[in-house]
Amino acid sequence: RVLLRSETFRNAEGGPLPYDDKYLLESVSLRPGQPFMPPVVRDDDRRLERALGDAGYPKGTAEPDAKRTANDIDLTWVLKPGPRIRVGPLFVQGNFVTNDQTILEQIPLQTGSLLTTTAAERGQRNLGFMQLFNNASPISFPGREEERPVVPMVVDVEERYDQYNLIHLGAGLSTDQKDPSSSLFFGYYGRIGYENRNLLGRAWGLASSLAVGQSLRKGTATFLDSRFFGTLFRLDASLNYLQQATVRLGDIRSGGGSIGFSRELYPGVDAGVHYNLRNTTHTEPLVRGGGPDESETNVQLSTTVGSVSTNVTWLRLDNRLVPTAG
């Protein structure tokens, strides 16, 4: 059995490494004292190249130099960082509705930034989570293959058509709309709704609905900003109203709303906090004694309730855009 006796790192170009030996050793899976396994060495090769990419060397390479003595291996990683590459001018094209700034807010790179692997991948991922574009990899860096010190960043998006204004109209029959004084078991109603997934080109989501019938009137409106002021926090707010004629409680009216902030703590783990407020008014029968108000038989009672709620969501989907399991 062949064991790994030692593991070191050196720069093939003779200069200092972007990380110290301790960090590089923690970045690989194979450690001294473990069996020497070539498949693990190949995986560590990719891990070290990614570490170089996160330090601003996207063309960096890592090559293992293994020297065997009896059943022991002394492994030296020869790192070739290559030139550091920075981001130059930014270009956004293909967008007709979405603002340039809204797109650039999703990409953690700007002019003068080091071109790192993680930042480029997060930009692609954030643009995909917006679900406004068809192409999966809209970000490119022309000139990176030629190892130019400064390369432009081109964001070429292909917008979908489902973020434009959408209006719903409908009418129907429902048992919820039954008039308390009617002998029929159903009532009629009409509904109108409006949706926009890219309001004002800011990737804001707005959905509203209003239904009016014989005994029930209700309306809802929700708003979502997935990048509140360009941060990683999501803002969501909602309003709702309900008016219903009932036999027992008479005319019930209820209105409320909520506002909250959420964000992704780790991949697949979201947390948020919300404030909720609701006011409900209903009718109660009243028995009066003699006096000027003795003819009143009902009274309106109003109740206001506020609450604060927190939530943690664990998403175990294999793909958040097109999941097949989770």
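Residues numbered from 1 in each chain as written. Predicted model: local features only at pLDDT ≥ 70, side-chain atom pairs only at ≥ 80, totals over all residues. Heavy atoms only, no water.

Some points on the packing of helix 2 (residues 38-54) against helix 4 (residues 117-130)
- Close contact between helix 2 and helix 4 brings their axes to 6 Å; oriented N to C, the two are set at 85 degrees. Regarding the angle of helix 2 to helix 4, the classification is roughly perpendicular. Across the interface between the two elements, Arg 50, Gly 53 and Asp 54 of helix 2 pack against Thr 117, Thr 118 and Glu 121 of helix 4.
- Of the residues assigned to the contact of helix 2 with helix 4, the class counts are no nonpolar, three polar and three charged. (Axes fitted to C-alpha atoms, helices over the stretch in contact; angles between N-to-C directions. Helix = DSSP H or I, 4+ residues; strand = E, 2+ residues; numbered from the N terminus. Parallel < 35°, antiparallel > 145°, perpendicular 65-115°, else oblique. Contact = heavy atoms within 4.5 Å. Nonpolar A, V, L, I, M, F, W, Y, C, P; charged D, E, K, R; others polar.)

Observations regarding the packing of aromatic side chains
- Inspection of every chain in the model, using the stated rule, returns five aromatic pairs.
- Ring geometry for Phe 185 and Phe 186: centres 5.1 Å apart, planes at 80 degrees, overall edge-to-face.
- Classification of Phe 185 as exposed rests on a relative accessible area of 59%.
- What makes Phe 186 partly exposed here is its relative accessible area of 28%.
- Taken together, a centroid distance of 5.7 Å and an interplanar angle of 65 degrees make the contact between Trp 204 and Phe 223 edge-to-face. With Trp 204 in strand 9 (residues 204-213) and Phe 223 in strand 10 (residues 216-225), this residue pair connects regions lying 19 residues apart in the sequence.
- Positioned above the aromatic ring of Phe 233, the side-chain terminus of Arg 263 is 5.5 Å from the ring centre. (Phe/Tyr/Trp six-rings, centres within 6.5 Å; stacked < 30°, edge-to-face > 60°. Buried < 20%, exposed > 50% of the residue type's maximum accessible area, 1.4 Å probe, protein only. Lys NZ or Arg CZ within 6 Å of the ring centre and 35° of its normal.)

Notes on the nonpolar core
- The biggest cluster of nonpolar side chains holds 20 residues, and the ones touching the most others in it are Leu 109, Leu 127, Phe 141, Met 153 and Val 155.
- Elements with a contribution of two residues or more to this core: strand 4 (86-93), helix 4 and strand 6 (150-156).
- Discounting chain neighbours no more than four positions away, the residues touching Val 155 are Phe 91, Val 92, Gln 93, Ile 103, Ile 107, Leu 127, Pro 138 and Ile 139.
- Counting residues in hydrophobic clusters, the runner-up holds 19 residues, among them Leu 4, Leu 24, Val 41 and Tyr 57. (Core = buried A, V, L, I, M, F, W, Y, C linked by side-chain atoms within 4.5 Å.)

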